[in-house]
Every structure is written in C-alpha cells, then in structure tokens.
Amino acid sequence: METPGSQSSLHRANLERVVRAVRLAGSLTQAEIARTTGLSAATVSNIVRELKDGGTVEVTPTSAGGRRARAVSLSGDAGIVIGVDFGHTHLRVAVGNLAHQVLAEESEPLDVDASAPQGFDRAEQLVNRLIEATGVDRTKIAGVGLGVPGPIDLESGSLGSSAILPGWIGTKPAEELQGRLGVPVHVDNDANLGALGELVWGSGRGVRDLAYIKVASGVGAGLVISGKIYRGPGGTAGEIGHITLDESGPVCRCGNRGCLETFAAARYVLPLLQSSHGTDLTVEGVVRLARDGDPGCRRVIADVGRHIGSGVANLCNLLNPSRVVLGGDLAEAGELVLGPIRESVGRYAIPSAARQLSVLPGALGGRAEVLGALALALSEMGDSTLLDSTLHAAAPAFT
C-alpha cells in the first residue's frame with residue numbers, strides 16, 4: 001500500500017495527471033501536457049517514456065508552431081469505449097478506442113417515442129453487431145456513453161417528466177442498457193453530449209467556455225464552463241428553449257406561453273410553411289429550399305435565427321461564453337441563420353459580452369451527439385487499469 005506523501009504515491013499521482021490529460025484530449029504534445037498538468041518538462045518526459053515502455057501510450061513525431069514535437073496518445077489497443085445516441089427518429093452507435101479513433105459507426109431509423117424497452121433492445125443489437133464487425137475484445141470495453149433527448153435526474157438517474165418522450169418517463173436509461181451490455185453506462189441529455197462532441201472533436205476545440213445550441217423537435221443548450229459540462233444540481237441546466245420571449249405567445253409543451261421553443265422548434269416552425277409548401281416538409285427540406293433561394297423558407301429561417309439570438313443574448317449576459325455552436329439540421333443553413341443570430345446578440349447582449357462571442361455552425365453535423373457519448377465514456381472511465389499495467393511493466397522512475 002502506498003503511503004500518502006511518499007515518493008511512490010507522488011509518482012502515481014503524476015502518472016494519473018498525464019494519463020488523464022491525454023485521455024481527455026486524445027493527443028497532446030509533451031509541451032501541451034506540461035502546460036495542462038503543471039508538471040515540469042523533465043517530469044513529463046520521464047513519465048511519457050515510462051508510459052510508452054509499458055505500452056500505455058504511443059509517441060509519434062509531429063510539429064507545433066513550426067517546430068518538431070512529439071505527439072502523445074493512448075495506445076490504440078489500451079481499451080474500447082462505445083457511444084449510443086437516441087434521437088427522435090434515429091439510433092446511432094459508435095465504437096472507438098482510447099486514442100480517440102472511431103473504429104465503427106452506424107445509424108438506423110427508430111421511433112424512439114414508441115417504446116423504451118424496444119429502443120434499448122435495438123441499441124443492444126446494434127452495439128453487438130458493431131463489436132462483432134470490428135472484432136474488438138469485449139473485456140477491453142471500458143464504458144458506454146448514452147445520450148437521450150430529455151433531462152436526466154442526477155440523483156435517481158431517471159428520465160424526468162417530459163412531453164418529449166412520454167413513453168420513457170420514469171425509466172433509468174443507464175441501468176437499462178448496463179443490464180443488457182454488462183459494462184458501465186453513463187447517461188446525459190443530447191444537448192450536453194453535442195457540446196462534448198464539439199468541444200473534443202469539432203467547433204469547440206480550444207475553448208473552455210461555450211454553449212452548444214441544438215434546435216430540433218425541441219430547443220436545448222449544452223453548457224461548458226471552465227472546460228466542463230455544467231448540469232446544475234438537478235441536471236436541467238441549459239433548458240434555453242424555455243426562456244420566455246412572449247408571455248402572450250403560443251402555449252408551450254411545458255405549460256408556459258411564448259417560450260423560445262415555440263418560435264424555433266420544428267413542430268412549431270414547419271406549420272408556417274405547410275399552406276405554401278405542403279405537409280411533408282422537413283427542416284432539412286426547408287434548409288435546402290432556402291439555400292436555393294426560396295423566399296418563404298429564407299424568411300422563416302431568418303426569423304428563427306433572430307429568436308434563437310435573443311436566447312443566446314440572455315446566455316451571454318448571464319454566463320459570458322466565448323463561443324456558441326449551433327447544432328441540429330438548422331445549422332446546415334449557414335449564414336442564413338447564423339447572421340440573424342449574431343444580429344440579435346448584437347442588439348440584446350451587453351456590448352462587452354457580444355464582442356467576445358463567436359457564433360459558429362457545428363462541425364460534426366448529426367454525429368455530434370454520438371461522438372459526445374464517446375467523449376462522456378472517456379471522461380468517466382478511471383485510469384487504474386492503465387496505470388497498473390504500466391507500473392507492472394516497468395520499474396518506477398520516481399519524479
């Protein structure tokens with residue numbers, strides 16, 4: 001047993017800091033590891049050498065700022081993580097390794113609203129199919145990240161009361177899937193996972209404070225503060241769709257009137273165009289027509305952008321993020337929606353907050369949530385197994 005404060009316990013603590021930094025980032029140069037962990041360059045060099053000798057990390061030549069450097073990532077065969085994303089009309093699963101490489105990914109249509117048990121059964125089948133297709137060793141699965149389109153109660157793990165998934169109320173998604181797969185499962189709502197995905201792989205890379213706005217059948221925000229997802233004590237932080245814009249406006253599914261969602265979500269926006277464009281119109285179709293110059297679709301998208309911008313301005317005044325990333329199908333409209341968002345932010349946010357803000361489309365499209373699920377699994381797994389293999393493979397060189 002290691003004595004707290006001893007050389008061996010300090011050494012292990014330093015190993016943990018380096019492994020965690022690399023695990024969360026995917027790949028870092030040794031200089032970046034030193035900045036991230038606060039360890040000296042010499043200490044990082046010794047630890048990386050030890051981890052490499054133990055087979056825990058891989059080191060490859062790279063360049064940084066025009067200079068030669070060494071990129072450090074976890075070994076591709078050190079472990080496996082799985083991401084599962086339930087959307088309203090789809091199920092998407094991805095299998096990745098600890099080096100942040102996606103080994104397999106597949107999506108299939110699914111009416112998630114219909115039945116929770118059916119949804120979990122389909123997820124189990126798709127996970128098993130991808131594991132078999134990739135040939136990965138099941139014993140190396142470190143964990144599963146799971147995304148659902150609704151708020152999760154942090155204490156009970158239950159899906160909260162929501163009109164979005166009436167057939168799922170009271171279910172405990174993490175428990176359900178863990179019972180089927182036999183590995184640890186970590187659950188979060190889709191907006192938070194979209195924020196994680198963009199933070200690690202997409203338009204949020206390099207920033208520590210951002211909001212990911214997802215506009216689909218509802219409107220939600222994933223909030224990243226100081227590099228971490230902020231969920232609030234009950235898990236409902238980021239419900240930007242229920243900011244009141246007009247107290248005499250349409251009745252929202254939450255019971256209030258004039259929520260942002262009633263001016264931006266697909267279920268409220270598409271009917272505005274049905275008389276002129278038919279009842280089969282989708283958000284993807286509206287975006288496509290708008291990009292082709294359809295005046296009605298352009299007007300509706302611009303109006304939606306201005307309403308979203310009002311909500312983003314409130315976020316700016318309260319939290320002062322440095323970046324807002326727009327996700328969901330609406331982001332494909334590009335400047336047709338981003339321009340009006342910036343216009344409203346400039347009008348309603350305090351000038352200093354508006355000046356510091358950049359508004360960008362998501363880089364990951366429909367993959368943001370499932371990649372965020374992989375990132376969740378990576379962030380929640382422990383490093384003990386990785387470190388134990390390293391410490392057994394090489395005698396510790398105390399630093």
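Remember, predicted model here, so these are calculated numbers, not experimental data. (Residues numbered from 1 in each chain as written. Predicted model: local features only at pLDDT ≥ 70, side-chain atom pairs only at ≥ 80, totals over all residues. Heavy atoms only, no water.)

In this structure, Gly 87 sits in the loop between strand E4 (80–86) and strand E5 (90–97). Take Gly 87: its relative accessible area is 6%, and that puts it in the buried class. (Helix = DSSP H or I, 4+ residues; strand = E, 2+ residues; numbered from the N terminus. Buried < 20%, exposed > 50% of the residue type's maximum accessible area, 1.4 Å probe, protein only.)

Turning our attention to the UniProt feature "domain: HTH marR-type" (unreviewed entry) in the protein chain. Per the UniProt entry, the sites bearing "domain: HTH marR-type" (unreviewed entry) are residues 18–68 in this numbering. Secondary structure content for residues 18–68 is 57% helix and 24% strand, while the C-alpha to C-alpha distance between its ends is 21 Å. (UniProt positions renumbered as here; feature names shortened; annotations may be inferred.)

Another aspect to go through is the nonpolar core. Grouped together as the largest cluster of nonpolar side chains are 44 residues, with contacts concentrated most on Ile 33, Leu 51, Val 72, Leu 74 and Leu 98. With nine residues, the top contributor of residues to this core is helix H14 (residues 368–380). Excluding its chain neighbours within four sequence positions, the residues that come into contact with Ile 33 are Val 18, Val 22, Leu 28, Gly 38, Val 44, Val 48 and Val 72. Listed in part, the 41 residues of the second largest apolar core include Val 283, Val 345, Ala 349 and Val 359. (Core = buried A, V, L, I, M, F, W, Y, C linked by side-chain atoms within 4.5 Å. Contact = heavy atoms within 4.5 Å.)

The subject of this paragraph is the packing of helix H6 (residues 190–201) against H14. Running from N to C, H6 and H14 cross one another at 80°; their axes reach a closest spacing of 7 Å. Viewed along their axes, H6 and H14 adopt a mutual orientation that is roughly perpendicular. Note on element contacts: H14 touches H6 through Ala 368, Glu 369, Leu 371, Gly 372, Ala 373, Leu 374, Ala 375, Leu 376 and Leu 378, opposite Asp 190, Leu 193, Gly 194, Leu 196, Gly 197, Glu 198, Val 200 and Trp 201. Class assignment for the residues of the contact of H6 with H14 results in 11 nonpolar, three polar and three charged. (Axes fitted to C-alpha atoms, helices over the stretch in contact; angles between N-to-C directions. Parallel < 35°, antiparallel > 145°, perpendicular 65-115°, else oblique. Nonpolar A, V, L, I, M, F, W, Y, C, P; charged D, E, K, R; others polar.)

This brings us to the environment of Arg 257. Following the sequence through the fold, Arg 257 ends up in the loop between strand E11 (228–230) and helix H7 (261–264). Under the relative-accessibility criterion, Arg 257 is labelled partly exposed at 43%. Those residues in contact with Arg 257 that sit more than four places away from it in its chain are Thr 244, Asp 246, Glu 247, Ser 248, Gly 249, Pro 250 and Val 251. A distance of 2.8 Å separates a polar atom in the side chain of Arg 257 from the backbone oxygen of Gly 249. (Polar contact = N/O pair within 3.5 Å; in protein donor to acceptor, adjacent residues only side chain to side chain.)

Right, let's get into helix H4 (residues 116–134). For H4, with 19 residues, the first-to-last C-alpha span of 27 Å sits near the 27 Å given by 1.5 Å per residue. Burial in H4 covers these residues: Ala 116, Gly 119, Phe 120, Ala 123, Leu 126, Val 127, Leu 130 and Ile 131. Projected down its long axis, H4 carries its buried residues within an arc of 135°, all on one side. Exposed residues lying more than 90 degrees from the buried face of H4 are Glu 132 and Ala 133. Positioned one or two residues after H4, Gly 135 has a phi angle of 75°, which is positive. (Expected span 1.5 Å × (residues − 1). Arc of directions from axis to C-beta.)

With respect to burial, E4 is a largely interior element, seven of its seven residues being buried. Neither face of E4 is left uncovered, since the one carrying Ile 80, Ile 82, Val 84 and Phe 86 and the one carrying Val 81, Gly 83 and Asp 85 both have all their residues buried. Hairpin connection, E4 to E5: the antiparallel pair is bridged by three residues. Direction of pairing for E4 relative to strand E7 (residues 141–148): parallel, over a ladder of six bridges. If you follow Ile 82 over to E7, its bridge partner there is Val 144. (Pairing = 2+ DSSP bridges.)

Our next topic: the sheet that holds strand E9 (residues 210–215). Spatially, the five strands line up as an open sheet ordered E11-E10-E9-E12-E13, and their pairing is mixed. Whereas interior strands pair on both sides, the edge strands pair on one side only; in this sheet they are E11 and strand E13 (358–361). Neighbour-to-neighbour, the strand axes of this sheet turn through a mean angle of 25°, independent of strand direction. The strands touched by H6 are E9, strand E10 (219–225), E11 and strand E12 (323–327); relative to E10, the strand with the most contacts, the crossing angle is about 50°.

Taken as a whole, this structure holds 15 salt bridges when the rule is applied. In this structure, Glu 108 engages Arg 122 in a salt bridge whose closest nitrogen and oxygen atoms are separated by 2.8 Å. A residue pair is termed long-range when its members are at least 10 positions apart, and Glu 108 in strand E6 (residues 102–109) and Arg 122 in helix H4 qualify at 14 residues. Using a relative accessible area of 15% as the deciding quantity, one classes Glu 108 as buried. Judged by relative accessible area, Arg 122 falls into the partly exposed class, the value being 23%. Between Arg 253 and Glu 261 there is a salt bridge whose closest N-O contact spans 2.4 Å. (Salt bridge = Lys/Arg side-chain N within 4 Å of Asp/Glu carboxyl O.)

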